[in-house]
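Observations on chain architecture
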Amino acid sequence: MKYILYARKSTEEDDRQVLSIEAQLVELQEYAAKEKLEIVASLCEAKTAKEPGRIKFAEMLSLIERGKADGIIAWHPDRLARNSVDGGKIIHFVDRGLIRSLKFPTFWFKATPQGLFMLNIAFGQSKYYIDSLSENVRRGLRQKVRRGEYPGLAPIGYINDVRTKSIVVDKKRSVIIRKAFTLYAKNSSRLEDISNFLAQSGIHSRNGKRLHRDRITFILSNPFYYGHFRYGGEIHEGKHQPVVSKKLFDQAQEILKQRGRPHHKQKNEPQPFCGLISCSSCGMMITGEYKVKKQKNGNVHNYTYYHCTKKSKTIECPELCIRQEELDKQLSSLIKSVSLPPDWAEELNRLAVQDHKKSAQSNSAFVEEVKKEIKSVEVKLQRLLDGYLDQVIEQEIYRAEKSKLLFKKKSLEEKISSLLQKQNDWLEPMQEWIKDAQNLNGIARDNDLFAKKVVAKEIFGSNLLLGEKTVRVAEGDAPNSFGKMGGNQWDAIRASHLLALKKPIRSVLVRVGRIELPSTIGRPRLPTKNLGKGAFIIPSSHLFSRSLTHARSAW
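No experiment lies behind these values; they were computed from the predicted model shown. (Residues numbered from 1 in each chain as written. Predicted model: local features only at pLDDT ≥ 70, side-chain atom pairs only at ≥ 80, totals over all residues. Heavy atoms only, no water.)

Here we take up the overall build of the chain. The helix and strand tally for the chain stands at 17 helices and 17 strands. Look at the contacts in the chain between residues 6 or more apart in sequence, and 62% of them connect residues 24 or more apart. Surface accessibility of the chain: about 34,000 Å² in total, with carbon and sulfur atoms responsible for 51%. (Helix = DSSP H or I, 4+ residues; strand = E, 2+ residues; numbered from the N terminus. Contact = heavy atoms within 4.5 Å. Areas by Shrake-Rupley, 256 points an atom, 1.4 Å probe, with all protein chains shown as cover.)

And the structure:
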């Protein structure tokens, strides 16, 4: 009799079950030599037997059907089949007499009714094992989801910790992912810009290329980054550490929703200042256009122009285009107008720290008062319990009063927690804003147009207008329009600059008894410092003292 030696492992991955096939071949060859069996072919396969369609298995049956062999040697029946179709083919070949012998080192078989019955049971057990294994794996995954653990590979910014079998934050890449969310949430970056940023930061696809825009969309819409994860079509709460806040994630989703997905590639690539400025004549947006001019002598000149889109159906826009260099110059000048000088920044930071200390002292006193109230509530709860245990108070009255006291205690505790959180929430963002405002001069002098667009969008919002080749800030009649002290923190700095221009000397020296404040500042008195010889100094920081109030209110 001629035999075909068949060996199989369940996975196609090279790094898993590495010795499985090799061990089978050695054992089967030794078994064949011991039993003096003739082997005409050896077939090896790395594929699961759960589903029919194995190539080497079909080749083996074809050889047997053509009479090249009439027996099979395998380690166990489960190497031949773990599904009803392949198991049925083996038994059918035995019934037809095509397979006269099946040899297994770990299983007995003879071509008799009893042998076929036992083989059928072995195939059934193999199928039951793979089915129950699949169900057990799914049950284990569902349990991981209940515990808040994501049952899959960690996304970019996280790593799978093989020691704890959990997902932990990648300290280097998580910072990059957070920066990508921040850039996109500012509505100043395209998906391609985010892909370029990640590539420059060392994050690529597996083949070393830039991440595709669809992959960027998946990253920006993945709830895993704010502490939840998507599994089985549902959102589950995870116990892993978030990389971005829920607020920042929602801002990114809003931008994704607004922009949608473009259906065609634009003829001209968007220019840096697109989406930032409106036309002062018709109100339409200003767009950029790239032009190439070729001269007869062979010289080639590249220009970028900005002009109104002229999409208004009611107004015929008369505005002309402007060169990118000139627009850059004017925007830089506007950015400088809201920059914070170093001495102003130092004084403003000192005032902020001083204000924070004062508020902390007053808050501490208030917290102590609330703690006394909580202590009083706890005493009442204990007295209420004593009265109930002494059977002085009825059970219904006890439960109702206890519920009221517990509710009051919880409200007081939350009041303390909220107060402490608000006390510390505003100083750090305030100091960060002072640092950003101080760096505006450097950004204005730099050649990074993208950075200028980001800060201009943050400072001026949608108030920039272009008319007669000049960029200006809309000075509306609304009480919060730019340039009035009722606006935001940038408003306060710009107004302070305007006041400082009216007073070219930053410190005003006057004689004792002659301290008078100009009406433009609008305050009856200012703190002064005695310099001797009857002279006093008024600090220039008071020209922008309202900046602290407006900047702090923004947080």
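Turning our attention to the sheet that holds strand β12 (residues 322-323). Strands sit in the order β10-β11-β12 across an open sheet of three strands; the sheet is antiparallel. Every other strand in the sheet has two partners, leaving β10 (286-294) and β12 as the edge strands with one partner each. Pairing of β10 with strand β11 (residues 300-308), which is carried by nine bridges, proceeds in the antiparallel orientation. Its bridge partner being in β11, Y290 is matched across the sheet by T304. (Pairing = 2+ DSSP bridges.)

Even without being a glycine, Q391 presents a positive backbone phi close to 60 degrees. Among the structural elements, Q391 can be located in the loop between α11 (342-389) and α12 (395-425). With a phi angle near 60 degrees, K469 is a residue other than glycine that sits in the positive phi range. On the secondary structure map, K469 appears in the loop between β13 (464-467) and β14 (470-473).

Next up on the list: the packing of aromatic side chains. Inspection of every chain in the model, using the stated rule, returns 12 aromatic pairs. Summarising the aromatic geometry, the rings of Y158 and Y225 are spaced 6.1 Å apart at their centres and angled 40 degrees between planes, so their arrangement reads as tilted. Taken together, the residues span a long stretch of sequence, with Y158 in strand β5 (residues 158-161) and Y225 in the loop between α8 (213-220) and β7 (228-231) at a distance of 67 residues. Accessibility classification places Y158 together with Y225 in one group, the buried group. For the pair Y388 and Y398, a centre-to-centre distance of 4.3 Å together with 10 degrees between the ring planes defines the contact as stacked. Of the two residues, Y388 is situated in helix α11 and Y398 in helix α12; the sequence distance between them amounts to 10 residues. With relative accessibility at 27%, the residue Y388 sits in the partly exposed group. Overall, the relative accessible area of 12% leaves Y398 in the buried class. Positioned above the aromatic ring of F93, the side-chain terminus of R96 is 5.5 Å from the ring centre. A cation sits over an aromatic face here: K246 above Y226, 5.2 Å from the ring centre. (Phe/Tyr/Trp six-rings, centres within 6.5 Å; stacked < 30°, edge-to-face > 60°. Buried < 20%, exposed > 50% of the residue type's maximum accessible area, 1.4 Å probe, protein only. Lys NZ or Arg CZ within 6 Å of the ring centre and 35° of its normal.)

Taken as a whole and assessed by the stated rule, the structure comprises 21 salt bridges. Between E135 and R138 there is a salt bridge, and its shortest N-O distance comes to 3.0 Å. Of this pair, E135 and R138 both sit in helix α5 (residues 113-146), three residues apart, which is roughly one turn of the helix. Sharing partners across several salt bridges, the network here consists of D78, R79 and R82. (Salt bridge = Lys/Arg side-chain N within 4 Å of Asp/Glu carboxyl O.)

Further remarks concern the pairing of β5. Judged from the four bridges that link them, β5 and strand β6 (residues 166-169) form a sheet pairing that is antiparallel. By the bridge assignment for β6, I159 is matched with V168. Between β5 and β6, which pair antiparallel one after the other, the connecting turn spans four residues, and K165 there sits at a positive phi close to 55 degrees.

Further remarks concern the sheet that holds strand β3 (residues 71-73). Taken in spatial order, the four strands of this open sheet run β2-β1-β3-β4, and their pairing is parallel. What marks the edges here is a single partner per strand, and that holds for β2 (38-46) and β4 (101-103). Across this sheet, the average inter-strand angle for adjacent strands is 20 degrees, counted without regard to direction. In the sheet, strand β1 (residues 2-9) pairs with β2 via eight bridges, with the strands oriented parallel. Considered in β2, the bridge of L5 is made with S42. Helix α1 (residues 20-35) contacts β1, β2, β3 and β4 of the sheet and is inclined by roughly 155 degrees relative to β1. (Axes fitted to C-alpha atoms, helices over the stretch in contact; angles between N-to-C directions.)

The next point concerns the environment of D448. By the element assignment, D448 lies in the loop between α14 (440-445) and α15 (449-460). Put simply, D448 and P272 are 176 residues apart on the chain and 9.5 Å apart in space, counted from C-alpha to C-alpha. A polar atom in the side chain of D448 sits 3.2 Å from the backbone nitrogen of F450. (Polar contact = N/O pair within 3.5 Å; in protein donor to acceptor, adjacent residues only side chain to side chain.)

What follows deals with the environment of S417. Relative to the elements of secondary structure, S417 occurs in helix α12. The sequence separation of S417 and V367 amounts to 50 residues, and the corresponding C-alpha distance is 9.4 Å.

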